[in-house]
Amino acid sequence: LGKIESENRNEIRIAALYETFDSLPGFQFWMDMAKHVVRETKRKVIIVDLVSKLQPFVYEELQTETIKSFDLSKHEPDSERDLKSAAFLHSGGYSYLHVSHYEDQAKDDKRLLALMTFLTYRYDYLLIRLPVSISDFRFRVIKQADTVYVYCGARISDLQESADAV
């Protein structure tokens, strides 16, 4: 992702992780990336998880029994209080925010955009974990990202499926 060079300017780095399936190794990669960025830059980092269903490994890896989701239909995307109530501070020095699945795609994409904008004022690095299905909005997230990581399984067919999706 690179270091932010200017101490006076607030430059934001955005990275996206796309997987063709929700996997533990992909999630661990993202957590390791967040820890590394915090350690190397001493900046504020948040993982924004847009994968709708939290798998059991997420709780295990974050070493917590509960994770509050940021529900776009109930929370205000520009509310510091709502953000603090849903963000999880990991012992690795970064925050984790799960954004719950939404029903009204068009309305919630606007609220998600507002949330992402709000986060850019609070964090230096946004690591966005994308769901398997890519909507127009999520495609725009990929286009705005400084870096896009594509994680796939070890089989040739996994690589082909990832290449087709991208």
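Quick note: structure is the one above.
Just so we're clear, the structure is a prediction, and the values are computed from it rather than from any experiment. (Residues numbered from 1 in each chain as written. Predicted model: local features only at pLDDT ≥ 70, side-chain atom pairs only at ≥ 80, totals over all residues. Heavy atoms only, no water.)

Colleague: Even after reading the chapter, I still don't get the overall build of the chain, so can you show me in this structure?
Modeller: A count of helices and strands for the chain gives six helices and seven strands. Along the chain direction, N to C, the helices and strands of the chain fall in the order β-α-β-α-β-α-β-β-α-β-α-β-α. When burial is assessed residue by residue, the chain has 47% of its 166 residues classed as buried. A separation threshold of at least 6 residues defines the contact pool for the chain, and within that pool the share at least 24 residues apart is 75%. Accessible area of the chain: about 9,200 Å², with a carbon and sulfur share of 50%. (Helix = DSSP H or I, 4+ residues; strand = E, 2+ residues; numbered from the N terminus. Buried < 20%, exposed > 50% of the residue type's maximum accessible area, 1.4 Å probe, protein only. Contact = heavy atoms within 4.5 Å. Areas by Shrake-Rupley, 256 points an atom, 1.4 Å probe, with all protein chains shown as cover.)

Colleague: Quick question: what am I supposed to make of the packing of aromatic side chains here?
Modeller: Aromatic ring pairs are described here by two measures, namely the spacing of the ring centres and the angle between the planes. Tallied over the entire structure, the rule returns five aromatic pairs. Taken together, a centroid distance of 6.0 Å and an interplanar angle of 80° make the contact between Phe27 and Tyr96 edge-to-face. Of this pair, Phe27 sits in helix H1 (residues 24–41) while Tyr96 sits in strand S5 (residues 95–99), placing them 69 residues apart in sequence. In terms of burial, Phe27 and Tyr96 fall into one category: buried. An aromatic cluster is present here, built from Phe27, Phe57 and Tyr96 joined pairwise through their rings. The residue whose ring lies beneath Lys44 is Tyr123, and the NZ or CZ to ring-centre distance is 5.0 Å. (Phe/Tyr/Trp six-rings, centres within 6.5 Å; stacked < 30°, edge-to-face > 60°. Lys NZ or Arg CZ within 6 Å of the ring centre and 35° of its normal.)

Colleague: Would you mind going over the side chain of Ser95 with me for this structure?
Modeller: With respect to the helices and strands, Ser95 occurs in strand S5. What makes Ser95 buried here is its relative accessible area of 9%. With near-sequence residues (within four places) excluded, Ser95 lies in contact with Val45, Ile46, Ile47, Phe88, Leu89 and Tyr123.

Colleague: What exactly am I supposed to notice about H1 here?
Modeller: Every α-helix carries 3.6 residues per turn, so stepping three or four residues along brings you back to the same face. Along its 18 residues, H1 runs 26 Å from first to last C-alpha, staying within 8% of the 26 Å computed at 1.5 Å per residue. Turning to H1, its buried residues number three or more, namely Gly26, Phe27, Trp30, Met31, Met33, Ala34, Val37, Val38 and Thr41. In a view along the axis of H1, the buried residues occupy a sector of 155°, so they form one face of it. The secondary structure elements touched by the buried residues of H1 are strand S1 (13–19), strand S2 (45–49), helix H2 (56–62), S5, strand S6 (125–129) and strand S7 (147–151). Of the residues flanking the start of H1, the one acting as N-cap is Ser23, its side-chain oxygen 3.1 Å from the backbone nitrogen of Gly26. Immediately beyond the C-terminal end of H1, within one or two residues, lies Lys42, with a positive phi of roughly 60°. (Expected span 1.5 Å × (residues − 1). Arc of directions from axis to C-beta. Polar contact = N/O pair within 3.5 Å; in protein donor to acceptor, adjacent residues only side chain to side chain.)

Colleague: What exactly am I supposed to notice about the environment of Lys143 here?
Modeller: Looking at where Lys143 falls in the secondary structure, it is placed in helix H5 (residues 136–144). For the pair Lys143 and Ala16, spaced 127 residues apart in the sequence, the C-alpha separation amounts to 9.5 Å.

Colleague: What exactly am I supposed to notice about the environment of Leu72 here?
Modeller: Examined against the element boundaries, Leu72 turns out to sit in the loop between strand S3 (69–70) and helix H3 (80–86). What makes Leu72 buried here is its relative accessible area of 1%. With 36 residues separating them along the chain, Leu72 and Asp108 place their C-alpha atoms 6.3 Å apart.

Colleague: Help me understand the pairing of S6, please; the structure alone is not making it clear to me.
Modeller: A regular strand places its side chains so that they alternate between the two faces of the sheet. For S6, the tally of buried residues reaches five of five residues, placing the bulk of the element in the interior. Residues Tyr125, Leu127 and Arg129 point to one face of S6 and Leu126 and Ile128 to the other, with burial holding for every one of them. The sheet contact formed by S1 and S6 spans five bridges and is parallel. Bridge assignment links Arg13 to a residue of S6, and that residue is Tyr125. Taken together, the five bridges between S2 and S6 define a ladder with parallel strand orientation. If you follow Ile47 over to S6, its bridge partner there is Leu127. (Pairing = 2+ DSSP bridges.)

Geometric descriptors of this kind do not, in isolation, establish any biological role.
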